[in-house]
Amino acid sequence: MLPHDLFSGASAADSGGPASPLLNNLNAEQLAAVTLPAGNALILAGAGSGKTRVLTTRIAWLLQTGQVSAGGILAVTFTNKAAKEMMTRLTAMLPVNVRGMWIGTFHGLCNRLLRAHWKLANLPSTFQILDTQDQLSAIKRLMKQFNVDDERFPAKQTQWFIAGAKEDGLRPGDIEARSDDDRKKVELYQLYEEQCQREGVVDFGELMLRSYELLRDNDPVREHYQRRFRHIMVDEFQDTNRLQYAWLKMLSGHTAAGGHFTPGEHNSVIAVGDDDQSIYAFRGARVGNMTDFVREFNVRHQIILEQNYRSYSNILDSANQLISNNKKRLGKNLRTDQGPGEPVRVYESPTDLAEAQWMVEEMRQLTRDGFDRKEMAVLYRSNAQSRVIETALFNASVPYRVYGGLRFFERAEIKHALAYLRLLENKDDDTSFLRVVNFPPRGIGARTLESLQDAARAAGRSLHDAVSAVGGKAGANLTAFVAKIDVLREQTQGVSLREIIELVLDHSGLVEHYKADREGADRIENLDELVNAAESFVTQEGFGRDAVALPVDELRQSPASQGLDPSRPVLDEPLAPDAETGETLSPLAAFLTHAALESGDNQAQAGQDAVQLMTVHAAKGLEFDCVFITGMEEGLFPHENSLSDFESLEEERRLMYVAITRARKRLYLSHSQTRMLHGQTRYNVKSRFFDELPESALKWLTPKNQGFAPSAFGYGGGYGSTRGGSGAYGGGGGYGGGNRYSAGGSSAGKDTFASPPVPPQKAAPSHGLRSGMQVFHNKFGEGTVTALEGTGDDARAQVKFARHGVKWLALSVAKLTPV
DNA sequence: CTAAGACGAGTTTTT
DNA sequence: CTCGTCTTAG
């Protein structure tokens, strides 16, 4: 029976209609994917091929045709954004009970499992989650305590080792140490584990690994979930690491565990991914999981989505030809009905500054052509490249937004506040304890803390519990701190989340401390924002799905548990009085989880029509009308660290593939002959990737130079080498003169500049502000320029803000964008 | 305890 | 060059 036969039969019975509107406008491959029969399948989804649509429609279709109830669905993604997107689209498609489904990130779902089975997972019910920062400080603390030479074993490296081991699903005992250094690292890993266990905290890797082990070691639990999740869907499968793969295997019943092999016939796993977009090997992702999946899950249906709905064919041809240079591929070619569109424009500049200025001019033209600024993206390989571009945009008064950097919940003041909150939940969280024990300062110095740590270690207790062991004045300060925390904990019982946070902000002295600080205004504002975040968390999310534990009664009532030996507890608290209502976390605990698992938006400058700046990695999953890929130079893109081996060079190529496929209408590739890097000017050769693009799709805006000849240059040999024609290196002001900018002077003979050449810029950059101008500031919002003075770096502007009054701002520091 | 200065590192990153 | 971290002096 064909998949759609199956469907139409079911839907006819249900709604009387001939076919569900759900399936309208799907192409043949999409339709096949959506209506796949039960069983494991791999969907190879090219960029822009409607992957998310297929995934969500599949779920809706399964539900609508009654093949599964909401409770039988599990969909897992990598980012909260993707998970949210799925939920939103799904609810738009069907009036469905999203609550019953498990849709979330790997870590979110693991957290959910561990919250529900904390006892079996050997965790305290109040366990806290360490983010990467917390993890690093925990490791530093540990290494100091055990007098580990941090020259030989940098904390960062230890962290990397531990995280890497967990990604591979390895406990200290599973690691074969070959060298003394390795043995030491394994020992540190072991000690770190003990420390975390003692403190009741888990890091991101632990969330995954612990829930994997929970399933592996508890037959009833595993079998319950295996029975429950009949349809498992995995997004971005090419990004899964070893452990995540094993986790999926365990959950779907495709593995023998604890001697009880559970046949997987109940469960269908649909893996959706694109091997050509695998760009996260450096953090443990294993593309090989895709072929392993086909083999080990006995995949019989493979569907390739190649029809692209995003870009014109010049762009797609470029992407296709580039990626065809990779040897290790499953094989896929994007196609479109949209026609060729405009050529891909290539620009060469003498300096990185000139590259940026050209780009600004081009953007101006694009704006005149009717493109929104938010539809223009500048992509670069590494963050350091954003600086010149930002400067150019700033000087030209073009609003822009940079992705990346600290997110809301990662800011220092927020972490401080959260640390207090965490201590209320879990007094043994030493990382949080140390973060705030002397912040704001309360006379507790390094020496005091050392003796406290010694005492705690000797007694095998947490820092909180060991304060009484320290005497003297310092001891009194410590006792006062602990008393303050304990009192706060009392005071916050039965109080709303908002009030808890307000109490903590008041009594911790944080707000007061920042008030005394001349530059503390921003921080106070962020702390206020934390209250808002908590408020909207409670109202909007109803504690957030990630944090809500599995309703306890669900497991008990499931037919699965009925045959179980009653003496064998399936649940942590099967008979608790509140079991009937479903055990949920306290609002505070839920909020803390939310903060750890969802670090919040970058700096959502919502509404601003601004040019988008980001790394290529950050651009994955996004799309724009106009895309500039900058710094297309050997050593930068592909990155020098990736030139030496085949595998990572292929990953660089995939990265380029991702970058190209972000563009809908216009694509620009630019490279510069020289570039400031690490305070030195580097001479760069244009990227080898240019030679892998179809000439017919390109338009050279500047005279085309000799291509890169990989065989002629050894690794790194490209720098400082000369190229045909130019020979002008070292000529200083010589570049950019005359011929290079003359319109139509291209050797290809077919180009004219889309915009007038950039005049050589004078040293003093103009800030482009005028009195009376409406401007936008990240912190203060909108305002009016009331006065200007000074030039260059000393330039200042007086701005009257709607909400924050009149302020003088140094333009070299403050980011003001015209509205 | 704070502030200034030395020092070193410097792809990519979500949870 | 430029940022963050660590050390040292007051």
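Residues numbered from 1 in each chain as written. Chains lettered and ligands numbered in written order. Predicted model: local features only at pLDDT ≥ 70, side-chain atom pairs only at ≥ 80, totals over all residues. Heavy atoms only, no water.

**Some remarks on the overall build of chain A**
The helix and strand tally for chain A stands at 29 helices and 24 strands. A buried classification covers 55% of the 819 residues belonging to chain A. Considering only intrachain contacts with a sequence separation of at least 6, the fraction spanning at least 24 residues in chain A is 75%. Here chain A has roughly 34,700 Å² of accessible surface; of this, 50% comes from carbon and sulfur atoms. (Helix = DSSP H or I, 4+ residues; strand = E, 2+ residues; numbered from the N terminus. Buried < 20%, exposed > 50% of the residue type's maximum accessible area, 1.4 Å probe, protein only. Contact = heavy atoms within 4.5 Å. Areas by Shrake-Rupley, 256 points an atom, 1.4 Å probe, with all protein chains shown as cover.)

**A closer look at the packing of aromatic side chains**
Within the structure shown, the criterion is met by 21 aromatic pairs. With a centroid separation of 5.9 Å and 90 degrees between ring planes, the pair formed by F637 and F689 is classed as edge-to-face. Placement of F637 in the loop between β15 (624-629) and α28 (646-660) and of F689 in the loop between β18 (680-683) and β19 (698-700) is noted, with a sequence separation of 52 residues between them. Considered together, F637 and F689 belong to a single accessibility category, that of buried residues. Among the aromatic residues, those joined into a ring-pair cluster are F237, Y245, F293 and F297. The cationic tip of R115 hangs over the ring face of F127; the distance from NZ or CZ to the ring centre is 3.7 Å. (Phe/Tyr/Trp six-rings, centres within 6.5 Å; stacked < 30°, edge-to-face > 60°. Lys NZ or Arg CZ within 6 Å of the ring centre and 35° of its normal.)

**Thoughts on the UniProt feature "binding site: ATP" (unreviewed entry) in chain A**
When the UniProt feature table is mapped to this numbering, "binding site: ATP" (unreviewed entry) covers A45, G46, A47, G48, S49, G50, K51 and T52. Topologically, S49 is positioned in the loop between β1 (41-45) and α3 (51-64). Among all residues touching S49, those that are not within four sequence positions of it are Q30, L305, Q307 and Y309. A polar side-chain atom of S49 sits 2.6 Å from the main-chain carbonyl oxygen of G46. Checked against the element boundaries, G50 lands in the loop between β1 and α3. Relative accessible area serves as the criterion here: at 23%, G50 is assigned to the partly exposed category. (UniProt positions renumbered as here; feature names shortened; annotations may be inferred. Polar contact = N/O pair within 3.5 Å; in protein donor to acceptor, adjacent residues only side chain to side chain.)

**Some details on the protein's contact with DNA strand C**
Close contacts around DNA strand C come from K140, R387, H678 and G679, and that covers them all. Restricting the count to atoms of DNA strand C within 4 Å of the protein gives a sugar and phosphate share of 36%. Measuring from a phosphate oxygen of DNA strand C, one finds a side-chain N or O atom of K140 at 3.5 Å. In the model, a phosphate oxygen of DNA strand C is placed 2.8 Å from a nitrogen or oxygen of the R387 side chain. Residues of the surface near DNA strand C, tallied by class, amount to no nonpolar, 2 polar and 2 charged. (Near = heavy atom within 4 Å. Nonpolar A, V, L, I, M, F, W, Y, C, P; charged D, E, K, R; others polar.)

**Description of the sheet that holds strand β3 (residues 102-105)**
The 6 strands lie next to each other as β3-β2-β6-β9-β1-β10, forming an open sheet whose pairing is parallel. Each edge of the sheet is formed by a strand with only one pairing partner; in this case those strands are β3 and β10 (301-305). Sheet twist, expressed as the average angle between the axes of neighbouring strands with direction ignored, equals 15 degrees. Across 5 bridges, the pairing between β1 and β10 is parallel. Across the sheet, residue A41 finds its bridge partner in β10, namely H301. Across the sheet, α3 lies against β1, β2 (73-77), β6 (231-234), β9 (268-273) and β10, angled at about 170 degrees from β6, the strand it touches most. Against the sheet, helix α5 (residues 106-116) touches β2, β3 and β6, its axis set at about 120 degrees to β3. (Pairing = 2+ DSSP bridges. Axes fitted to C-alpha atoms, helices over the stretch in contact; angles between N-to-C directions.)

**Some details on the sheet that holds strand β11 (residues 344-349)**
The strand order β13-β14-β12-β15-β16-β11-β19 describes an open sheet built from 7 strands, whose pairing is parallel. What marks the edges here is a single partner per strand, and that holds for β13 (400-402) and β19. Within the sheet, the average angular offset between the axes of one strand and its neighbour, ignoring direction, is 20 degrees. Sheet analysis places strand β12 (residues 376-380) next to strand β14 (residues 611-615), joined by 4 bridges and oriented parallel. Bridging from a neighbouring strand, A377 pairs with Q612 of β14. Helix-sheet contacts for helix α14 (residues 352-368) involve β11, β12, β14, β15 and β16 (663-672), and the interaxial angle to β16 is about 155 degrees.

**What to know about helix α21 (residues 497-508)**
Taking 1.5 Å per residue, 12 residues should reach 16 Å; α21 reaches 16 Å between its end C-alpha atoms and fits that length. When we look at burial in α21, the residues that qualify are L497, I500, I501, V504, L505 and S508. Each buried residue of α21 lies within a common arc of 130 degrees when the element is viewed along its axis, so the set occupies one face. Within two residues after α21, G509 carries a phi angle of roughly 85 degrees, on the positive side. (Expected span 1.5 Å × (residues − 1). Arc of directions from axis to C-beta.)

**A word on α5**
The element α5 is largely enclosed, with a buried count of 10 among its 11 residues. What α5 keeps buried is the set F106, G108, L109, C110, N111, R112, L113, L114, R115 and A116.

**Brief notes about the packing of α14 against helix α15 (residues 386-395)**
One way to put it is that α14 packs onto α15 with a least axis distance of 9 Å and a crossing angle of 45 degrees. With respect to α15, the axis of α14 lies oblique. Crossing handedness for the pair α14 and α15: right-handed. Of the residues in α15, those touching α14 at D352, L353, A356, Q357, M359, V360 and M363 are V388, I389, A392 and L393. Grouping the amino acids of the contact of α14 with α15 by side-chain chemistry returns 9 nonpolar, 1 polar and 1 charged. (Parallel < 35°, antiparallel > 145°, perpendicular 65-115°, else oblique. Left-handed = near helix turned anticlockwise from the far one by under 90°.)

**A look at the protein's contact with DNA strand B**
Inspection of the region around DNA strand B gives 27 residues, with T132, R381, N383, T615 and S642 positioned closest. Taking R283, its side chain carries an N or O atom lying 3.4 Å from a sugar or linking oxygen of DNA strand B. Residue N438 places a side-chain N or O atom 2.9 Å away from a phosphate oxygen belonging to DNA strand B. Residue classes in the surface near DNA strand B are distributed as 7 nonpolar, 16 polar and 4 charged.

**Focus: the nonpolar core**
Formed by 61 residues in total, the largest nonpolar core has its most connected members in W247 and F293. Not counting residues within four places of it along the chain, the set of residues in contact with F293 comprises N40, A41, L42, F237, Y245, V269, A271, N298 and V299. Listed in part, the 49 residues of the second largest apolar core include L463, L497, F537 and F591. (Core = buried A, V, L, I, M, F, W, Y, C linked by side-chain atoms within 4.5 Å.)

**Some thoughts on the pairing of β15**
β15 sits mainly inside the fold: 6 of its 6 residues count as buried. In this sheet, β15 lies alongside β12 in parallel orientation, the contact comprising 4 bridges. Across the sheet, M376 pairs through a bridge with C626, a residue of β15. Taking the sense of rotation as the criterion, the β-α-β connection linking β15, α28 and β16 turns out right-handed. (Right-handed = clockwise from strand over helix to strand, strands pointing away.)

**A few points about the confidence of the model for chain A**
On average, residues of chain A score 82 in pLDDT, and 76% of them reach the 70 mark or higher. Long-range and interchain partners of residues 1-18, a stretch whose pLDDT sits below 50, account for 24 contacts in this model, where long-range means more than four residues apart. Overall, residues 790-794 carries pLDDT values under 50, and its contacts beyond four positions in sequence, including any with other chains, amount to 4 contacts. (pLDDT = per-residue confidence, 0-100.)

**Focus: the packing of helix α6 (residues 132-145) against helix α7 (residues 155-167)**
Viewed as axis vectors pointing N to C, α6 and α7 meet at an angle of 115 degrees, and their least axial separation amounts to 9 Å. Considering the relative orientation of α6 and α7, their crossing is right-handed. Mapping the contact onto sequence places T132, Q135, L136, I139, K140 and M143 in α6 and A155, K156, T158, Q159 and I162 in α7. Tallied by class, residues from the contact of α6 with α7 come to 5 nonpolar, 4 polar and 2 charged.

**What about the state of the cysteines?**
Considering all chains together, one arrives at 0 disulfides under this definition. Sulfur of C110: no disulfide; nearest cysteine sulfur belongs to C196 and is 16 Å away. Accessibility expressed as a relative area gives 0% for C110, which makes it buried. Owing to a relative accessible area of 8%, C196 belongs among the buried residues under this scheme. (Disulfide = S-S within 2.5 Å.)

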